[in-house]
Amino acid sequence: MSQAELAPAEAAPVRRNPLWTLGILRSELTTTLRRWRTLALLGVLAAVPVLIGIAVRIETADGSSPGPGGGGGGPAFLSQVTNNGLFLVFASLAATLPVFLPMAVGVIAGDAVAGEANAGTLRYLLVAPAGRTRLLLAKYASTLAFCLVATLVVAASALAVGALLFPFGEVTTISGTRIGFGEGLLRAGLVAVAVAASLIGFAALGLFVSTLTNSGIAAMAATVGVLITVQIVDTIPQLSGIHPYLFPHYWLSFSDLMRAPVYWDEVLKNLELQGLYAAVFGSAAWARFTAKDITA
């Protein structure tokens, strides 16, 4: 056989099996969710509703309302927990969303690429015929899966504690109307999904930071530092003009899902803002990662 006949076969591009993508995604999900660090983060998140439930139970043992001076202070929905344990789900999500949930996501996202580089395993991952783009997408997808799992862990823990410590029954919405327990449970599931969706923009930001360094600890610290800084900026009245463009600004809009009828305006604004952050920082992460010189 002549060299001319061999040339086309040798020059043919490598065909990537689509199953590689699913295999990498499955591997990333398994690795992420089985790490001791991930399990520890989920354990801490699960403990928050327990602490809130016990604190409310102790404080209301004499018939007073939860909160300083019996005024119902603290996280949103806290004053209604004693009447209906389902409200512990909403109170726990309101308590964990500003700090605990995003910090946990920041740890996972910040370590996604930088942690592999620091451990010296990143270049071996790229040996597989999946390509950098598919690997980055798998990293992001596993981070989003953690967002959902973490939120559901908080909600499930709160539901269990609420059932043990408080009565269940009809749910009184923010609008003052009453809905059945079944519909209230569906609202709780919808709220949990909305809270998880609120973290997709921050997850993309953390993934971008992770592509900038080979130190997992530095990436995690920088991601959490950005979170704290942006949340501080979001509380400064003189900077109110930029508040609607900050990723945590509409995080607590999930409370509107407890109205009758549901008030969607700020919920949709939140989803649009998270989509924008995901597009911008996801693109930046892709541009950085595909052009990065992998030495570790």
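Residues numbered from 1 in each chain as written. Predicted model: local features only at pLDDT ≥ 70, side-chain atom pairs only at ≥ 80, totals over all residues. Heavy atoms only, no water.

Asker: It is not clear to me how the pattern of salt bridges should be interpreted in this structure. Could you clarify?
Answerer: Between side chains of opposite charge, a pair can form when the charged atoms approach closely. Within the structure shown, the criterion is met by 5 salt bridges. With its nearest N and O atoms 3.6 Å apart, the salt bridge here joins Asp-111 to Arg-35. Taken together, the residues span a long stretch of sequence, with Asp-111 in helix α5 (residues 100-119) and Arg-35 in the loop between α2 (18-34) and α3 (36-59) at a distance of 76 residues. Residue Asp-111 is classed as buried on the basis of its relative accessible area, which comes to 9%. Its relative accessible area of 28% is what places Arg-35 among the partly exposed residues. Note that Arg-187 is salt-bridged to Glu-183, the shortest N-O span being 3.2 Å. Pair noted here: Arg-187 and Glu-183 are both in helix α8 (residues 181-197), with a separation of 4 residues, about one helical turn. Salt bridges sharing common partners tie together Arg-35, Arg-37 and Asp-111. (Salt bridge = Lys/Arg side-chain N within 4 Å of Asp/Glu carboxyl O. Helix = DSSP H or I, 4+ residues; strand = E, 2+ residues; numbered from the N terminus. Buried < 20%, exposed > 50% of the residue type's maximum accessible area, 1.4 Å probe, protein only.)

Asker: Can you walk me through empty space enclosed by the protein in this structure?
Answerer: In this approach the atoms are scanned with a rolling probe the size of a water molecule, which exposes any empty space left behind. For the structure on display, the rule yields 1 cavity of 30 Å³ or more. Put simply, the largest cavity is a space of about 80 Å³. Residue lining of the largest cavity: Glu-28, Thr-32, Arg-35, Ile-108, Asp-111, Ala-112, Glu-116, Lys-139, Ser-142 and Thr-143, and that is the complete set. Sorting the residues of the lining of the largest cavity by element identifies α2, α5 and α7 (131-165) as the ones contributing at least two each. (1 Å grid on protein atoms, 1.4 Å probe; cavity = no way out; pocket = protein on both sides within 12 Å on 5 of 7 lines; lining within 4 Å. Points joined across faces, edges and corners; volume = space filled by probe spheres on them.)

Asker: Hey, could you run me through unusual backbone geometry in this one?
Answerer: Negative phi values dominate among residues other than glycine, just as trans dominates among peptide bonds. Of the consecutive residues Ala-260 and Pro-261, the connecting peptide bond is found in the cis state with omega at 0 degrees. Residue placement: Pro-261 occurs in the loop between α10 (216-233) and α11 (265-291).

Asker: Any chance you could explain the packing of helix α9 (residues 200-210) against α11 here in plain terms?
Answerer: For any two helices packed against each other, one specifies the crossing angle of their axes together with the interaxial distance. Direction vectors running N to C along α9 and α11 enclose 15 degrees, while the axes themselves pass 7 Å from each other. Overall, the two elements α9 and α11 adopt an arrangement that is roughly parallel. Judged by the twist between their axes, the crossing of α9 over α11 is left-handed. Residue-level inspection shows Ile-200, Gly-201, Phe-202, Ala-204, Leu-205, Leu-207 and Phe-208 of α9 in contact with α11, the latter providing Gln-274, Gly-275, Tyr-277, Ala-278, Phe-281, Gly-282, Ala-284 and Ala-285. Here the residues of the contact of α9 with α11 are counted per class, giving 11 nonpolar, 4 polar and no charged. (Axes fitted to C-alpha atoms, helices over the stretch in contact; angles between N-to-C directions. Parallel < 35°, antiparallel > 145°, perpendicular 65-115°, else oblique. Left-handed = near helix turned anticlockwise from the far one by under 90°. Contact = heavy atoms within 4.5 Å. Nonpolar A, V, L, I, M, F, W, Y, C, P; charged D, E, K, R; others polar.)

Asker: Help me understand the layout of surface pockets, please; the structure alone is not making it clear to me.
Answerer: A volume near 180 Å³ is recorded for the largest pocket. Along its surface, the largest pocket is lined by Pro-98, Gln-231, Asp-234, Thr-235, Pro-248, His-249, Tyr-250, Trp-251, Leu-252, Ser-253 and Glu-266. Residues that form the lining of the largest pocket fall into these classes: 5 nonpolar, 4 polar and 2 charged.

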